[in-house]
Amino acid sequence: MAIDHNHLIADVIEYTDPICSWAWGTEPKLRLLQWRYGARVRWRVVLGGLVHDASRGRDDWDPVQAAEPMQKYWRRSSAHTGQPYPMPMHRMARSTDPAGLAVKAAQRQGPVVGAAVLRRFRESTFVFGVTPSSPEEFVASARGIVGLDVDRWLVDLTSEEAAAAYRSDWEETRRPNDHVRHLVGDDVGIGSMKQTDGHDRYAFPTLVFRGPGGEVTVPGWMPYEAYVDALEGACPGVTADPRPDPTITEAFERWGVLTERELTDVCGPGPVDGLPDATVAHFWGAGVVYFSPAEANARGLPPVSPEDARCLADFAESLELAHSFVAGIPADSWRQSTPCSEWNRRALVNHMVGSARMVSYGVRGQSIGPEFYRNHLGDDPVAS
Amino acid sequence: MLGRPLPLPWGTLTGAALAQMFAADHLVHAWDVARSLGLPTDFDHALVARLRAFGDDYADQHRVPGMFDPAVEVAADATPMDRFAAFIGRRDS
């Protein structure tokens, strides 16, 4: 007898934080999971509180100085997840609690609004380099969310109800199950139990699936298949006949904003063509994020075409590649020849630095002339 | 911004075209430096393919001494980037 799997329902609990790079890195997988099986799950987002106070015990903590090591860490996790990291990044938030509380307050307007605000906070942090921490930054990053009543949100932000709801999420996150308590290993992104401020808690993201088949936990950075297996384990039969994967047009209708990794994971690998008309591309510093016209408009993004943004991303990648080799030039060998017949190493790198400066002017709409041909290298050519 | 025409020493380009031109330029010079250091040159294939689409035409229009020499032969096992470098006249010496 055929199973009517659309009547099977699994519960999914997602322990997360808006400012967690691994949670941001897992977005492409969770989007695909939600697209394929979303009609068969009840999804609850728990705001777990990643960092209460980064300055605790450090008298010299400074949001500007803290930005650089944080960006380095996020860049490393990006190498695993393929998701953007803030570039440039000027300031680090002292605490992720205000953003978590703000998402909790937005959830009072329904799970769809709550999810939209959470997503915007992640994009603000990892695509635009602003870690939202104040009501002004919350409102700026949530501009244009359909269904969000901003005035009500700002009132709820300071309400006892939102504070109690966040407190409840915080406490639930600090009652990790036996599965993560017993996990051991040193794999990158492993979701074994964490300890912060003297409390045990779930790593972010951790997803717990519950259903007739029992409870299955997917902790930390895991492959997509682990989520499907967990869903099937919790609710046998539920993963049969998934909804067919979205076309690129359907993906933009559903989500409005997609990173390169999300497009690949959700719509299948291959060159990104067939983007909907008037798709706006944003070059975030080392790659491209795509916005529907409505989403781009809500954020005040200039109408850069995907082709133009790709040129910038290719330039950034080539520059990075060139820099990686230039950094390896021994200090005493700068006069050696190169396959570029006209120039020795020093002349070659001088030319590259000059052209990089020209591009950085050019993309701002400014031009430079004779400046291009001068000596751009001082005593430290690598730093240039 | 990216679409605005810019007057430059050798002509007028948009910001995007300028970025693309120097993307190809940096890629080739990255190859120059890598080769001169004896390091591997198997650069990202998709990146190389995109920039060749621009670079091949550009090199063909500027095959003059001091810019681009005629294309040279490549070994059968050459990487895509090695082939690009050979097409625009780079020699391994």
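Residues numbered from 1 in each chain as written. Chains lettered and ligands numbered in written order. Predicted model: local features only at pLDDT ≥ 70, side-chain atom pairs only at ≥ 80, totals over all residues.

K.L.:
Describe in detail the overall build of chain A, supporting the description with residues and values.
P.N.:
Scanning chain A from terminus to terminus reveals 14 helices and nine strands. Within chain A, the fraction of its 384 residues that count as buried is 44%. For chain A, the proportion of contacts with a sequence separation of at least 24, taken over those separated by at least 6, is 67%. (Helix = DSSP H or I, 4+ residues; strand = E, 2+ residues; numbered from the N terminus. Buried ≥ 20, exposed ≤ 12 C-beta atoms within 10 Å, placed from the backbone. Contact = placed C-beta atoms within 7 Å.)

K.L.:
Account for the sheet that holds strand S2 (residues 41-47) of chain A, with residues named and values stated.
P.N.:
Residue and element names in this part refer to chain A. One open sheet holds the four strands; their spatial order is S2-S1-S5-S6, and the pairing between them is mixed. The sheet is open, and its two borders are formed by S2 and strand S6 (214-219), each paired with just one other strand. Sheet twist, expressed as the average angle between the axes of neighbouring strands with direction ignored, equals 15°. Pairing of strand S5 (residues 206-211) with S6 involves six bridges; the strand directions are antiparallel. Looking at the pairing, Gly211 lines up with Gly214 of S6. (Pairing = 2+ DSSP bridges. Axes fitted to C-alpha atoms, helices over the stretch in contact; angles between N-to-C directions.)

K.L.:
Let's hear about the nonpolar core: which residues, and what values?
P.N.:
The tendency in soluble globular proteins is for nonpolar side chains to be buried side by side. The biggest cluster of nonpolar side chains holds 113 residues, and the ones touching the most others in it are A:Val117, A:Phe209, A:Leu231 and B:Leu27. The greatest single-element share of this core, amounting to 14 residues, is contributed by helix H1 (residues 15-36) of chain B. Excluding its chain neighbours within four sequence positions, the residues that come into contact with A:Val117 are A:Ala102, A:Val103, A:Ala106, A:Ala142, A:Ile145 and A:Leu148. (Core = buried A, V, L, I, M, F, W, Y, C linked by C-beta atoms within 7 Å.)

K.L.:
Explain the environment of A:Gly256 to me, using residue names and the numbers behind them.
P.N.:
Examined against the element boundaries, A:Gly256 turns out to sit in the loop between helix H10 (248-255) and strand S7 (257-259). In this structure the C-alpha to C-alpha distance between A:Gly256 and A:Tyr73, which are 183 residues apart in sequence, comes to 28 Å.

K.L.:
Explain the environment of B:Ala59 residue by residue, including any values.
P.N.:
Along the chain, B:Ala59 falls in helix H2 (residues 45-61). Beyond its immediate stretch of four places on either side in the chain, B:Ala59 contacts B:Phe68, B:Phe87 and B:Ile88.

K.L.:
Could you give an account of the sheet that holds strand S9 (residues 288-291) of chain A, naming the residues involved and the relevant values?
P.N.:
Residues and elements named next belong to chain A. Ordered in space as S7-S9-S8, the three strands form an open sheet in which the pairing is antiparallel. One side of each edge strand has no neighbouring strand; the edge strands of this open sheet are S7 and strand S8 (280-283). Within the sheet, the average angular offset between the axes of one strand and its neighbour, ignoring direction, is 25°. Sheet strands touched by helix H11 (residues 260-267): S7 and S9. Its angle to S7, the strand with the most contacts, is close to 95°. Packing of helix H13 (residues 306-326) onto the sheet brings it into contact with S8 and S9, and relative to S8 it is tilted by some 15°.

K.L.:
Got a sec to walk through H1(B)? Specific residues and values, please.
P.N.:
Relative to the 32 Å expected for 22 residues at 1.5 Å per residue, H1(B) spans 31 Å between its end C-alpha atoms, a close match to the ideal helical length. Remark: B:Gly38 follows H1(B) within two positions and exhibits a positive phi of approximately 70°. (Expected span 1.5 Å × (residues − 1).)

K.L.:
Give me the lowdown on the confidence of the model for chain B, citing residues and values where you can.
P.N.:
Mean pLDDT over chain B works out to 83, with 84% of the residues at or above the 70 mark. Predicted confidence in chain B is weakest over strand S1 (residues 5-8) of chain B, with a mean pLDDT of 64, and strongest over helix H3 (residues 80-87) of chain B, with 92. (pLDDT = per-residue confidence, 0-100.)

K.L.:
Mind laying out unusual backbone geometry, listing which residues take part and the relevant values?
P.N.:
Residues and elements named next belong to chain A. In this model, Met87 is joined to Pro88 through a cis peptide bond whose omega is 0°. Position of Pro88 relative to the elements: it lies in the loop between helix H2 (67-81) and helix H3 (97-107). A cis amide bond links Phe204 with the next residue in sequence, Pro205, at an omega value of -10°. Along the chain, Pro205 falls in the loop between strand S4 (199-201) and S5. Unlike most non-glycine residues, Asp241 shows phi in positive territory, near 45°. Relative to the assigned elements, Asp241 resides in the loop between helix H9 (224-234) and H10. For Asp241, a count of 12 C-beta atoms within 10 Å puts it in the exposed group. Backbone geometry places Ala278, a non-glycine residue, at a positive phi of 65°. Assignment of secondary structure puts Ala278 in the loop between H11 and S8. By the C-beta count within 10 Å, which is 12 here, Ala278 ends up exposed.

K.L.:
Tell me about helix H7 (residues 160-173) of chain A, and please be specific about residues and values.
P.N.:
Residues and elements named next belong to chain A. With 14 residues, H7 extends 20 Å between its outermost C-alpha atoms, agreeing within 8% with the 20 Å of an ideal straight helix rising 1.5 Å per residue. Of all the residues in H7, the buried ones are Ala162, Tyr166, Asp169, Trp170 and Thr173. Looking straight down H7, one finds that the buried residues subtend no more than 100° of arc, so they occupy a single side. With respect to the buried face of H7, the exposed residues turned more than 90 degrees away are Glu160, Glu161 and Ala164. Check the buried side of H7 and you find it contacts strand S1 (10-16), S2, H3, helix H6 (150-157) and S4. (Arc of directions from axis to C-beta.)

K.L.:
Would you mind going over the packing of H3(A) against H6(A) in detail, with residue names and values included?
P.N.:
Residue and element names in this part refer to chain A. Contact geometry for H3 and H6: axes closest at 9 Å, N-to-C directions at 125°. By the angle class used here, H3 and H6 are oblique. Helix-helix and strand crossings are classified by hand; for H3 and H6 the assignment is right-handed. For the pair formed by H3 and H6, the contact residues are Leu101, Ala102, Ala105 and Ala106 on the first element and Trp153, Asp156 and Leu157 on the second. For the contact of H3 with H6, the residue count by class is six nonpolar, no polar and one charged. (Parallel < 35°, antiparallel > 145°, perpendicular 65-115°, else oblique. Left-handed = near helix turned anticlockwise from the far one by under 90°. Nonpolar A, V, L, I, M, F, W, Y, C, P; charged D, E, K, R; others polar.)

K.L.:
So what's going on with the packing of helix H1 (residues 21-37) of chain A against H11(A)? Residues and values would help.
P.N.:
When two helices pack together, their arrangement is given by the angle between their axes and by how far apart the axes lie. Residue and element names in this part refer to chain A. Running from amino to carboxyl end, H1 crosses H11 at an angle of 35°, the nearest separation of the two axes being 9 Å. As H1 runs across H11, the sense of the crossing is right-handed. Taking contact as the criterion, the partners of Glu27, Pro28, Lys29, Arg31, Leu32 and Trp35 in H1 are, on H11, Arg261, Glu262, Asp265 and Val266. Residue composition of the contact of H1 with H11, grouped by class: four nonpolar, no polar and six charged.

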